[in-house]
Amino acid sequence: MNLERERQTEKLKNELITNVSHDLRTPLTSILGYLRLLRDQRVEDQEQQREYIRIAYEKSEHMKGLVEDLFEYTSLSNRGVPLNKQTVCMNELLGQIVEAYVPLAEENQLTFHKELPEERLYAAVDPEKFVRVMENLFGNAIKYCVKPGEIGVWLKREGQGIELTVTNKGEDIPPDQLARIFERFYRVEGSRSLRTGGAGLGLAIVKSIVELQGGAIRAESREGVISFHIWLPSP
Ligand code: ADP
């Protein structure tokens, strides 16, 4: 039994390494290509030089994002992640995170529509980890939302906890694909474009964190609106 589990873990690890190596190689090849052109001074003018530097820089940032995702994911998959659970006022925390994302959203022709209740709602979460969840969800909403457009953020009491919903417009995701978007490395058909290309780890990280805090997450796609519903237990 243990042997079987070890074999499975080993298989997953190999898969992780293969996928990540592949995702890192693409931007790295392009960075090396542009740096080589610059090193050999094969540029027509200063403007072209600036453009090559800009692309190399953008690709490096993209690689940094992939490495951070990978690091976060592997540390979450190791058992015994220390959780610093606290009683957090979700209205406040959510309000702050949304504020921080307003400039990036505006740059992308997006606005936030937020509906937080008057009543203060509390959840028992590790605030730092929760921020990571929201960063991934808002990051995705900004990447995948139809522009110009709106990102919806809703908070309400639900059972013995709270429910938080993030919505954006986008192409409907067919049910068979929707069921898989929380899997590691899963990306919906057509998302593997260079501009948006993540590693497909973002939602896997979100799900691990939410479940570690005793919560649950599900996604819906209806009439061109994609919504993520997170439930978290109250203290
Ligand atoms: P990544 O963004 O790196 O591809 P994720 O795990 O964050 O990986 O997301 C998996 C897939 O789910 C994405 O490739 C995208 O197709 C789809 N997706 C995630 N969030 C959204 C969203 N807010 N709107 C539309 N599609 C989304």
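Our structure is the block above this text.
In this text, all values refer to a predicted model and were calculated from it rather than measured experimentally. (Residues numbered from 1 in each chain as written. Predicted model: local features only at pLDDT ≥ 70, side-chain atom pairs only at ≥ 80, totals over all residues. Heavy atoms only, no water.)

So, the pattern of salt bridges
Under the defined criterion, the tally for this structure stands at 18 salt bridges. The partner of E51 in a salt bridge is R54, with the nearest N and O atoms 2.9 Å apart. Highlighted residues: E51 and R54, both in helix α2 (residues 46-77), separated by 3 residues, approximately one helical turn. Assessed through its relative accessible area of 42%, R54 is described here as partly exposed. (Salt bridge = Lys/Arg side-chain N within 4 Å of Asp/Glu carboxyl O. Helix = DSSP H or I, 4+ residues; strand = E, 2+ residues; numbered from the N terminus. Buried < 20%, exposed > 50% of the residue type's maximum accessible area, 1.4 Å probe, protein only.)

Considering the environment of Y73
By secondary structure assignment, the location of Y73 is in helix α2. For the pair formed by Y73 and E135, sequence separation is 62 residues and the distance between their alpha carbons is 14 Å. Filtering out sequence-adjacent residues up to four positions away, Y73 remains in contact with L16, R184, L201, A204, I205 and S208. (Contact = heavy atoms within 4.5 Å.)

Here's the deal with helix α6 (residues 202-212)
Among all positions of α6, only G202, L203, A204, I205, V206, I209 and V210 are buried. Those residues of α6 that are buried lie in contact with α2, α4 (127-144), β6 (216-222) and β7 (225-233). Backbone geometry just downstream of α6 places G214 in the positive-phi region, at approximately 85°.

Focus: the packing of aromatic side chains
Within the structure shown, the criterion is met by 4 aromatic pairs. Judged by centre distance (5.0 Å) and plane angle (55°), the ring pair of Y34 and Y52 falls under tilted. Separated by 18 residues along the polypeptide, Y34 in helix α1 (residues 2-39) and Y52 in helix α2 bring together distant segments of the chain. Looking at Y34, the relative accessible area reads 24%, which means it is partly exposed. Y52 gets classed as buried once you look at its relative accessible area, which sits at 13%. When the ring of F182 is compared with that of F228, the centres are 6.2 Å apart and the planes differ by 90°; the resulting orientation is edge-to-face. (Phe/Tyr/Trp six-rings, centres within 6.5 Å; stacked < 30°, edge-to-face > 60°.)

Looking at the sheet that holds β6
Taken in spatial order, the 5 strands line up as β2-β4-β5-β7-β6 in an open sheet, and their pairing is mixed. Only two strands of the sheet have a single partner each, and these edge strands are β2 (110-115) and β6. Mean inter-strand twist for the sheet, computed between neighbouring axes without regard to direction, equals 15°. Sheet analysis places strand β4 (residues 149-158) next to strand β5 (residues 161-169), joined by 8 bridges and oriented antiparallel. The partner of I151 across the bridge, within β5, is N168. Sitting on the sheet, helix α3 (residues 90-107) is in contact with β2, β4, β5 and β7, with an inclination near 165° to β2. The strands touched by α4 within the sheet are β2, β4, β5 and β7, with β5 carrying the most contacts at an inclination of about 20°. (Pairing = 2+ DSSP bridges. Axes fitted to C-alpha atoms, helices over the stretch in contact; angles between N-to-C directions.)

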